Structures are given as C-alpha cells and as structure tokens.
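What follows is each chain in one-letter form.
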Amino acid sequence: MNYSKQSKLARVVALLQGVTPEQFDSNETWYYDETDNVKHLVLLPSKKVNAGENTCFVLGGIQAEVVISDAELHTALGKTSGKELKANKDLKGCFEDILRKDTLKKMLELIDTKGWNIHFSMVQVWYFAFADIIDSINDNIQLSFPLKAVLYKILKKYPDDTVSHLGKYHYPNIADKDKVAFLAGLVDIAQKFLKSQPNMNDVIITHLLIGLLNNAKAKKELTFIQDETSDEWVTWFSHFYITEITSYPNKTLVLDTEKQVEKVISEEPIEIDGVAMANYRFEDSSNPMIQVCDYVVSILRKYAVFIDRSLNEVQGDITKFEAAQLSNFKLLNKILKRSLDNSPLYFHYTTSIEMQYNINQLMEKYGT
C-alpha cells in the first residue's frame, strides 16, 4: 500500500511542532515492545467492552545505538542468567508499588547510565474511542482538545452508563433516526457529571459541551460516528505500528514480534514513493533490547494510570512517597526529561491534554 502522503505529512507536522530536520531525518535505532495491546476496542455480544476505562496502550521503548547482551542485562538487574526477563513478573502492582522495587531502580539506572532515550506512542484507548464524537459536533479547532479531555473524563467516570448508552445505539454507527436520542443521552451523562462538583474549568467546558451536543441535534449528519462499523469503538491497533514505520523512513525500527501486525503488512506491503519500506524488522522477545523495552512500556503504562486525574491529586500522593519511591520517581522523570530535550519526536500522545500537561509539569519539577 502506498503511504507516500502519510509519510510526507508526518514530517511536515513534526517540523511544525518544533522537531528539527536533523532530529527527524537522523538514522537512529528505536527498539519497541507494547503493553495493554487489546488489539481493538469492541462491544461484545455480552454487552460489555473488551477493555476497561483505564486501558492505556503503549508502543515504545528505547532509542539506543549501543546494545547489551542478554548476560549483561541479567547482571545489571541482579538476575540469574538463562531465563527471559518479564516485566509482568518483576513489576507487579500499581505505579506506587513498583516504585518501591529494586528491579525498577536497577532498570532505570541501566537506562540512565547507558544514555538511552525513552520513546513512546501512548494511547488512552477510551479517549481515542470518543474523540470522533467531538469532531462530529465541534468546528472550533482551539476548543477541540479541551472538549475531548472533558468528554473522556465524563464517560470514563460513568463506565456502565457509557457502555449501555453507546451500545444501545451501536456506536459509532448511529442511525439517522437515533441521532437526537443518542445526543440527548450524552447530555444526561454530562449533566450527571456536573452534579459531582468537578473543578471550575471542568464546569465551564462541560457546559460548553452540553451546548454543542444540543445544537448538534439539528445537524444533518454526525460525520465521524455514522456509517461506521457497528460496535467497533476503535479499529485494529495495527495502524499504530504502521504509523511508526511510515513516519520515520530514515530510522531503524526493531519491533517485538506481533503476528497480527506482521500478517497485515505482509498482505499489503508498505511502500513510499514506489519503494518497499525496509526500515523495520520484527524480532523475538528474547532480544535483550526488546526485554528492556518490555520494562519501559510497563512502567509508562502504570505511570499513565497514576497521573490520569487532577495534578493536585497526583502531587498529593507524591508527597506521601517513601524515600525509595521518590528517588525512583525522580530518576524516571530525569530520563524522560532528557529524552524529550534530546528530541520531541520521542513522545507521541493520543491522550487527554490533561495527561500531557501532568507529564510535562512533573518532568519539570522532578526531572531536573
């Protein structure tokens, strides 16, 4: 499949966002793993969705030109050689729990000592699922991200209401006859949210959202949430992998084996300007660099869940950290800040702007 336009657009957008041509075009090696890969987000016959409201898909890992052997990795983490290292065994628990773990400390120290950069594409799956609602009712680009953030917050707060309502109308394939009822139901959930007394900014944006939802009842069509596949909130995740491959033709991408994605690409080979892309390869997770990425994406996902709330709440919990937790938290933010300073290209979000704001604020406070 020809991705020439998408590749050129990715470069233009990156340069407009402050990435330098040298950063974009440099021949670097990026290693990847993924977590919370639910493949897609769908309403099941049981009338439940296949992924909860805190699902955060992270595709990423480290940028590194100097690699280490499996034996070196085991030694760095204080592990006995021979067994493949797995983050889901070493980093059990929530973000606060893993901050206490010596394995986390050793992994962060390894990344820091080697000077590796962390890179990621982070997707709040429920946020991504609802973004098309805002794009269907709002024409003001400046308001788009605040509106998406508050809608995500509203629908995530009431997951049972959300699943029931969207399922009733086979979102994102809303029939013409159901448009008004669908929008009215979203208004009801938003008004319920207002009664919970959120902060003043949320109140203002929610009132604006309710106004747009009511006004949209008169629209001829809801462009992005009609004539789509019924009950498929987010399509197959393979496009996130393809976006990485097509966006960075000059980089070498080493991805963890993902059979479904490999099958999609084999059936429709990726081409740019008539040339088959050869900037990527899939390798088994026994590759020690991919094992490092396994830990990185696990840490990032748990961090994303931890900060997916008001910054005041997050900072309140940070003040309760024990010495070891705070030390590891600072080291994580030091690495993140260094990575972002080296290249804005390393961080890519499909998330609420509040999530991005929180990450940036915490990097500035704890990463220096």
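Everything here concerns the structure above.
The rules behind the values
Residues numbered from 1 in each chain as written. Predicted model: local features only at pLDDT ≥ 70, side-chain atom pairs only at ≥ 80, totals over all residues. Heavy atoms only, no water. Helix = DSSP H or I, 4+ residues; strand = E, 2+ residues; numbered from the N terminus. Rg over C-alpha atoms; globule rule 2.2 N^0.38 Å. Buried < 20%, exposed > 50% of the residue type's maximum accessible area, 1.4 Å probe, protein only. Contact = heavy atoms within 4.5 Å. Areas by Shrake-Rupley, 256 points an atom, 1.4 Å probe, with all protein chains shown as cover. Pairing = 2+ DSSP bridges. Expected span 1.5 Å × (residues − 1). Polar contact = N/O pair within 3.5 Å; in protein donor to acceptor, adjacent residues only side chain to side chain. Salt bridge = Lys/Arg side-chain N within 4 Å of Asp/Glu carboxyl O. Patch = residues over 30% accessible without salt bridge, like charges linked within 9 Å, V, L, I, M, F, W, Y side chains within 5 Å. Disulfide = S-S within 2.5 Å. Axes fitted to C-alpha atoms, helices over the stretch in contact; angles between N-to-C directions. Parallel < 35°, antiparallel > 145°, perpendicular 65-115°, else oblique. Nonpolar A, V, L, I, M, F, W, Y, C, P; charged D, E, K, R; others polar.

Visitor: Would you explain the overall build of the chain in this entry?
Guide: Per the secondary structure count, the chain includes 17 helices and 10 strands. For a compact globule of 368 residues, the expected C-alpha radius of gyration is about 21 Å, and the chain comes in at 21 Å, within 12% of that figure. Its C-alpha atoms give the chain principal-axis dimensions of about 65 × 55 × 40 Å. Burial statistics for the chain: of 368 residues in total, 52% are counted as buried. Counting contacts in the chain only where the partners sit at least 6 residues apart, residues at least 24 apart contribute 81% of the total. Looking at the chain as shown, the accessible area adds up to about 16,900 Å², and 52% of this sits on carbon and sulfur atoms.

Visitor: How should the pairing of strand β4 (residues 117-124) be read in this particular structure?
Guide: Side-chain positions along a regular strand alternate between the two faces of the sheet. Summarising burial for β4: 8 of the 8 residues are buried, a large majority. Of the two faces of β4, the one lined by Asn 117, His 119, Ser 121 and Val 123 and the one lined by Ile 118, Phe 120, Met 122 and Gln 124 are each fully buried. Two elements, strand β3 (residues 56-63) and β4, share 8 bridges in a ladder whose sense is antiparallel. Along β4, the bridge assignment pairs Gly 60 with Phe 120. Sheet analysis places β4 next to strand β10 (residues 347-350), joined by 4 bridges and oriented parallel. From the neighbouring strand, Val 123 faces β10, where its bridge partner is Thr 350.

Visitor: Please explain helix α8 (residues 141-157) as it appears in this structure.
Guide: Each turn of an α-helix holds 3.6 residues, which means side chains three or four residues apart point in the same direction. Counted at 1.5 Å a residue, the expected span for α8 with its 17 residues is 24 Å, and the 25 Å between its end C-alpha atoms agrees. If you check which residues of α8 are buried, you get Ser 144, Leu 147, Lys 148, Ala 149, Val 150, Leu 151, Tyr 152, Ile 154, Leu 155 and Lys 156. Structurally, α8 contributes buried residues whose contacts are with β4, α7 (125-137), α9 (159-168), α10 (179-194), α11 (200-215) and α17 (353-366). With a side-chain oxygen positioned 3.0 Å from the backbone nitrogen of Gln 142, the residue opening α8 is Asn 140.

Visitor: Sorry, what's going on with the pattern of salt bridges here?
Guide: Pairs can form between side chains of opposite charge once their charged atoms are near each other. Counting across every chain of the model gives 22 salt bridges. With its nearest N and O atoms 3.0 Å apart, the salt bridge here joins Lys 86 to Glu 84. By relative accessible area, Lys 86 is classed as partly exposed at 30%. The class for Glu 84 is partly exposed, based on a relative accessible area of 31%. A network of salt bridges, in which partner residues are shared, links Asp 97, Arg 100 and Glu 322.

Visitor: I keep staring at a nonpolar patch on the surface and nothing clicks. Help me out?
Guide: A cluster of nonpolar side chains, Leu 9, Val 12, Val 13 and Leu 16, forms an exposed patch at the surface whose accessible area comes to about 390 Å². Take Leu 9: it is sitting in helix α1 (residues 4-16). With a relative accessible area of 53%, Leu 9 lands in the exposed category.

Visitor: What's the story with the state of the cysteines in this structure? I'm lost.
Guide: By definition, a disulfide links the sulfur atoms of two cysteine residues through a covalent bond. On inspection of all chains with the given rule, the structure shows 0 disulfides. Cys 94 takes part in no disulfide bond, and the closest cysteine sulfur to it belongs to Cys 56, at a distance of 15 Å. Classification of Cys 94 by relative accessible area gives partly exposed; the value is 38%. Of all cysteine sulfurs, the one in Cys 56 lies closest to Cys 293, which takes part in no disulfide; the gap is 16 Å.

Visitor: Just checking my understanding: could you explain the sheet that holds β4 for this structure?
Guide: Backbone hydrogen bonds are what pair the strands of a sheet, in a parallel or an antiparallel way. With mixed pairing, 6 strands are arranged side by side in an open sheet as β9-β6-β1-β3-β4-β10. Each of the sheet's edge strands pairs with one partner strand only, and the pair in question is β9 (280-283) and β10. The mean angle between the axes of side-by-side strands here comes to 20°, regardless of whether they run parallel or antiparallel. Along the sheet, helix α16 (residues 323-342) contacts β4 and β10; its crossing angle with β4, the most-contacted strand, is approximately 95°.

Visitor: Quick question: what am I supposed to make of the packing of helix α14 (residues 288-306) against α16 here?
Guide: When two helices pack together, their arrangement is captured by the angle between the axes and the distance separating the axes. Two numbers describe how α14 lies on α16: the axes approach to 13 Å, and their chain directions differ by 105°. In terms of orientation, α14 and α16 fall into the roughly perpendicular class. On α16, the residues touching Ile 299, Leu 300 and Tyr 303 of α14 are Phe 329, Leu 332, Asn 333 and Leu 336. Among the residues making up the contact of α14 with α16, the classes are represented as 6 nonpolar, 1 polar and no charged.

Read these as geometric descriptors, not functional statements.
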